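# Observations on chain architecture
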Amino acid sequence: MSKKSERTPVLVADDDPDIRLALEMLLQYEGFEVWTAKDGEEAWRRIEAERGAGRAPALVLTDLKMPKLDGLELLERIVALEDGPPVILISGHGDVATAVEAMQKGAANFLEKPIDDKRVLVTLRTTLREGELEVENQELRKRLTGRYELIGESEPMLKLASQLEQAATADAAVLITGENGSGKEVIARNLHYKSTRAAGPFVTVNCAAIPNELIESELFGHEKGSFTGAFERRTGHFEAADGGTLFLDEIGDMPLAAQAKVLRALESLEITRVGDSKTIPVDIRVIAATNADLATAVEEKSFRLDLFYRLNVVPLRVPPLRERKGDIPLLVGHFLEALTERAGRTPPPVNAEAMEFLTTLDWPGNVRQLRNLLEGAAVFATGDAIGKADFEEVLAGGPGLAKVPTGPELEGEDPFAAPTFEEFKNQSERLFFKRRLEANGGNVKRTAEELGMQRSHLYKKLDRYQLR
Ligand SMILES: Nc1ncnc2c1ncn2[C@@H]1O[C@H](COP(=O)(O)OP(=O)(O)OP(=O)(O)O)[C@@H](O)[C@H]1O
Ligand SMILES: [Mg+2]
């Protein structure tokens, strides 16, 4: 056997020739065989070609934003392979949302730009070792569940946890209700990872964030050319969730027309792509969540009764934080730990008086609000502990209870000091949405109504300014 074939092949995909070359040199020097591709499509072709020859890269390192086929799409294709190699995504600096999405879609790891040689090697080795030990799947799941760990030992939470345990193993539909930020998504993910479908995909659909006219194509997919703008064939969320769990978030916001189609798909476990006539079987479990009162929506005829029954097989109610204030210290500990991991430095602990103060608040934005307040106070805290004054300082900053000190105010900047008109517009827009959202206790639906905006449009803005 030649020396070359003993080297472990790694595929590097990046449209930036400089990064490609830098990674190639680094990895070659470290003894890997390096295959390069200048976009996702070329990477995918290489994988297919090599598979034809019975070879496969031990690992794929791919940029996120690339022409033709981007990193996430490439990831999706690789994950769909039986025995596909682990994928490390390289994302732009600060693009946490995409990184999380990548992890959810099955990326083994992600790296942030600018690329640091040592981090690349460490991440690469860790990922490869995990693969070798064949614990990669379990590791990934553990990491995911770690991020969505359900914290709480108050009586209502213990009750919820035991209901969750029971519901997880049944394959029945679950309807999760609860206020904003109370932890509905956390519950949904826990259900998935405790179910027999844990190895399958968990696909989230935010029903409120999809424009009405696109919902059918998003859910069921479409054929190329089936409507203006449908340039490519597209797989819908139902198909993507095959073998796993489909999480229909904000189900109360689903338009009536779509409700009928969703019901049909759930009853028949078959879907039809827009612009196609053949039916495709899908094996999914559905979990839905809402902060709206669906029973009232049914009475008001904005939600179909039959769909309500279909989704509400196992109802789970997530109690608001004010009903379980005893969990606050545990949650605080949990979030400080998470902050440590993310920021790489340990934030100071919360002193007793400050902890007591937290239990006096009402928490209309629930656990999310607690997290935001805590992260804000951790930024302000100067002493060796986070004190009541630090919380009050964050609270004093705006009409909402928990003001998130990110963006312009954090640096003490105001939009008028922006160096360019473009930045002025961005900063003021961000501030505008932030304030309005806070004034509505984080309720997106209400904010959209107040502003006379489509919810999907508002969601885009919130994502853009990382206000969710
Ligand atoms: N019991 C919990 N343990 C740990 N973290 C929690 C818990 N509940 C909520 N969180 C955290 O609070 C935040 C909000 O949770 P989540 O997104 O699940 O709420 P939600 O009910 O889906 O909110 P929304 O109504 O806005 O969609 C997340 O950061 C989540 O990790
Ligand atoms: Mg949610």
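Please read all numbers here as calculations on a predicted model, not as lab measurements.

Attention shifts here to the site of ligand 1. Around ligand 1 sit 17 residues, and of these Ile 151, Gly 183, Lys 184, Glu 185 and Val 367 come closest. Class assignment of the residues belonging to the shell around ligand 1 gives a composition of four nonpolar, eight polar and five charged. Looking at which domains feed residues into the shell around ligand 1, each of domain 2 (152-319) and domain 3 (322-464) gives three or more.

Take the environment of Arg 125 next. Considering the arrangement of structural elements, one finds Arg 125 in helix α6 (residues 117-132). Residue Arg 125 is classed as exposed on the basis of its 12 C-beta neighbours within 10 Å. With 100 residues separating them in the primary sequence, Arg 125 and Gly 225 have C-alpha atoms 44 Å apart.

What follows covers the domain arrangement of the protein chain. Splitting the protein chain by domain gives domain 1 (3-145), domain 2 (152-319) and domain 3 (322-464). One C-alpha centre belongs to domain 2, the other to domain 3, and the line joining them spans 29 Å. In this assembly, 17 residues from domain 2 lie in contact with 19 residues from domain 3. Residue composition of the side of domain 2 that touches domain 3, by class: seven nonpolar, seven polar and three charged.

Turning next to the sheet that holds strand β5 (residues 109-112). Pairing in this open sheet of five strands is parallel, and the strands run β2-β1-β3-β4-β5 from one edge to the other. At either end of the open sheet lies a strand with only one pairing partner, and these are β2 (33-37) and β5. In this sheet, adjacent strand axes meet at a mean angle of 20° when their direction is disregarded. Direction of pairing for strand β1 (residues 9-13) relative to strand β3 (residues 59-63): parallel, over a ladder of four bridges. In the strand pairing of β3, Val 10 is matched with Leu 59.

Thresholds, definitions, all that
- Residues numbered from 1 in each chain as written.
- Chains lettered and ligands numbered in written order.
- Predicted model: local features only at pLDDT ≥ 70, side-chain atom pairs only at ≥ 80, totals over all residues.
- Near = placed C-beta within 6 Å.
- Nonpolar A, V, L, I, M, F, W, Y, C, P; charged D, E, K, R; others polar.
- Domains from an automatic or database assignment.
- Helix = DSSP H or I, 4+ residues; strand = E, 2+ residues; numbered from the N terminus.
- Buried ≥ 20, exposed ≤ 12 C-beta atoms within 10 Å, placed from the backbone.
- Contact = placed C-beta atoms within 7 Å.
- Pairing = 2+ DSSP bridges.
- Axes fitted to C-alpha atoms, helices over the stretch in contact; angles between N-to-C directions.

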